[in-house]
Amino acid sequence: AVLFSVADMKAFDAREMGYERIEIKEDSVSPYHPTLKLPGASRYWIYIPQDNILAAPHEKNLIWQSYLDVCLAGCLEFSEDFARDFIKNTVGWNEQFWADDRQSNDYLKVLKNYVPEKIDKILQEYNLKAKLKEFDDSALRKHVQKRLTD
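Residues numbered from 1 in each chain as written. Predicted model: local features only at pLDDT ≥ 70, side-chain atom pairs only at ≥ 80, totals over all residues. Heavy atoms only, no water.

Peer 1: Describe the packing of helix α2 (residues 65-76) against helix α3 (residues 80-89), with residues and values.
Peer 2: Interhelical geometry of α2 versus α3 gives an angle of 140° and a closest axis separation of 7 Å. Classified by the interaxial angle, the pair formed by α2 and α3 is oblique. From α2, L68, C71, L72, C75 and L76 reach across to α3, where they touch E80, F82, A83, F86 and I87. Here the residues of the contact of α2 with α3 are counted per class, giving nine nonpolar, no polar and one charged. (Axes fitted to C-alpha atoms, helices over the stretch in contact; angles between N-to-C directions. Helix = DSSP H or I, 4+ residues; strand = E, 2+ residues; numbered from the N terminus. Parallel < 35°, antiparallel > 145°, perpendicular 65-115°, else oblique. Contact = heavy atoms within 4.5 Å. Nonpolar A, V, L, I, M, F, W, Y, C, P; charged D, E, K, R; others polar.)

Peer 1: Can you tell me about the packing of aromatic side chains, naming the residues and giving the values?
Peer 2: Enumeration according to the criterion identifies four aromatic pairs in this entry. Here the aromatic rings of Y32 and F82 are separated by 4.7 Å at their centres, their planes lie at 65°, and the arrangement is edge-to-face. Highlighted residues: Y32 in the loop between β1 (19-24) and β2 (44-49) and F82 in helix α3, separated in sequence by 50 residues. Its relative accessible area of 36% is what places Y32 among the partly exposed residues. (Phe/Tyr/Trp six-rings, centres within 6.5 Å; stacked < 30°, edge-to-face > 60°. Buried < 20%, exposed > 50% of the residue type's maximum accessible area, 1.4 Å probe, protein only.)

Peer 1: Can you break down the packing of α3 against helix α4 (residues 116-125) residue by residue, with the values?
Peer 2: Each packed pair of helices is defined by two parameters, the angle between the axes and the distance between the axes. In contact at an axis separation of 10 Å, α3 and α4 are set at 50° when each is read in the N-to-C sense. Considered as vectors, α3 and α4 are oriented oblique to each other. Between α3 and α4 lies a crossing whose hand is right-handed. Across the interface between the two elements, E80, A83, R84 and I87 from α3 touch K118, K121, I122, L123 and E125 from α4. Taken together, the residues of the contact of α3 with α4 break down into four nonpolar, no polar and five charged. (Left-handed = near helix turned anticlockwise from the far one by under 90°.)

Here it is, written out as structure tokens:
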């Protein structure tokens, strides 16, 4: 999880549609790096997927490259090691249902400090980018193309 300040929780909840905000106790939160300190007298929440959207990747629940890029770009704002730990500690990677929508996703163009080459380098360390390039199921490719153009 990543800690950051949010001024408008209702707007943030709306952005995280499909997820439930759960308050967690301060003593269950620890900084990623021992030199970092948590702000005092704060409240902490985590967003978890609602049961109806929590599913393993499949042809209608793809792992979108753009979403992974957003997550890793955020991790890289802290450090490359943090991005690597994100990959190592994320479960459910399924290259068969990984869709590369990077070139057609306008959201990525507005990300600050977005360097896709840096993300690809880290993905290659775990052989994830190579597996993405093997994505060649024609029925699934048609599904992805339809999603990209709708």
